[in-house]
Amino acid sequence: MNTEEAHFMQLIGQNKGILFKICRIYLEDANDREDLLQEMILQLWRGFHSFKGESKFSSWMYRVALNTAIAFFKKEKRRPDSEQIPLNFDPADERGNSSEKEEQLALFYKAVQQLNKVEKALIFLYMENQPHDEIAANLGITTVNVRVRLNRIKNRLKDIIKKLSDEH
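Now for a look at the structure at hand. (Residues numbered from 1 in each chain as written. Predicted model: local features only at pLDDT ≥ 70, side-chain atom pairs only at ≥ 80, totals over all residues. Heavy atoms only, no water.)

**Quick look at the packing of aromatic side chains**
Describing an aromatic ring pair means giving the distance of the ring centres and the angle of the ring planes.
Then comes step 1: One pass over the structure, following the stated rule, counts 9 aromatic pairs.
Then comes step 2: Centroid distance F8 to F48: 5.1 Å. Interplanar angle 65 degrees. Geometry classified as edge-to-face. Placement of F8 in helix 1 (residues 3-26) and of F48 in the loop between helix 2 (30-47) and helix 3 (57-78) is noted, with a sequence separation of 40 residues between them.
Then comes step 3: Here the aromatic residues F8, W45, F48, F51, F57 and W60 are joined through ring pairs into a cluster of three or more. (Phe/Tyr/Trp six-rings, centres within 6.5 Å; stacked < 30°, edge-to-face > 60°. Helix = DSSP H or I, 4+ residues; strand = E, 2+ residues; numbered from the N terminus.)

**Regarding the nonpolar core**
Then comes step 1: Ranked by size, the top nonpolar core spans 46 residues in total, and within it I22 and Y26 carry the most contacts.
Then comes step 2: Looking at this core, the elements with two or more residues in it are helix 1, helix 2, helix 3, helix 4 (99-112), helix 5 (117-127), helix 6 (132-139) and helix 7 (143-167). (Core = buried A, V, L, I, M, F, W, Y, C linked by side-chain atoms within 4.5 Å. Buried < 20%, exposed > 50% of the residue type's maximum accessible area, 1.4 Å probe, protein only.)

**Let's talk about helix 2**
Then comes step 1: Between its first and last C-alpha atoms helix 2 spans 26 Å; for 18 residues at 1.5 Å apiece the expected length is 26 Å, and the two agree.
Then comes step 2: Two or three places before N31, at the start of helix 2, stands the capping residue D29, its side-chain oxygen 3.2 Å from that residue's backbone nitrogen. (Expected span 1.5 Å × (residues − 1). Polar contact = N/O pair within 3.5 Å; in protein donor to acceptor, adjacent residues only side chain to side chain.)

**Focus on the packing of helix 1 against helix 2**
Then comes step 1: Contact geometry for helix 1 and helix 2: axes closest at 10 Å, N-to-C directions at 140 degrees. The pairing of helix 1 with helix 2 is recorded here as oblique in orientation. At the point where helix 1 passes helix 2, the crossing takes the right-handed sense. Where helix 1 approaches helix 2, its residues E4, E5, F8, I12, L19, F20, I22, C23, R24 and Y26 are matched on the opposing element by R33, L36, L37, M40, I41, L44 and W45.
Then comes step 2: Residues belonging to the contact of helix 1 with helix 2 are distributed by class as follows: 13 nonpolar, no polar and 4 charged. (Axes fitted to C-alpha atoms, helices over the stretch in contact; angles between N-to-C directions. Parallel < 35°, antiparallel > 145°, perpendicular 65-115°, else oblique. Left-handed = near helix turned anticlockwise from the far one by under 90°. Contact = heavy atoms within 4.5 Å. Nonpolar A, V, L, I, M, F, W, Y, C, P; charged D, E, K, R; others polar.)

As C-alpha cells, this is what we get:
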C-alpha cells in the first residue's frame, strides 16, 4: 500500500461513522446499505486526488457521500423489489446500550426513511452537528432555507414517529 492509499484509509477509518449513518438514513435493506457503503468508498477514492485540503476532509466526504447516496437511492427506486435476505449489519458505531435505545433508534431511522432525499441529507448533516452555513454550502441552498426546512423536517419526523409508535 502506498502512502496515498494509507492516508486515504486512515481518513476513511476516522470518519467511517459518517458513511454508516448515511447508509442507514437512505436505505433500509442491509444488502443495499452494504452496496451503498462500497459505492461511497469507491467514489471517495476516485475523487481523492481532487481533495486539496482547502476544507476539512469530513466536509468533502459529506458532499461526495451524500451525492453518491442520492444517485444510488434514485437507482434503487427504479429497481424492482427482490427478496431480501436479512444480514446482521449493525456497526458498533450504531449500537445502543439497551434494547430500548435500539428500538428508539430503529424507529427514528424508519421515520427518516419516509423523508425525501434532500430532507434526509439535511437531517443527517444536522445530526452531525454541522453549522447551518456548512449545510447550506454542501446542499447548495441558503442558510435561511436550511433553518426553515430543518424546522419543518423536525416537526414532520415527530409526527411520523408518533404514528409509527401508535402502530406498535
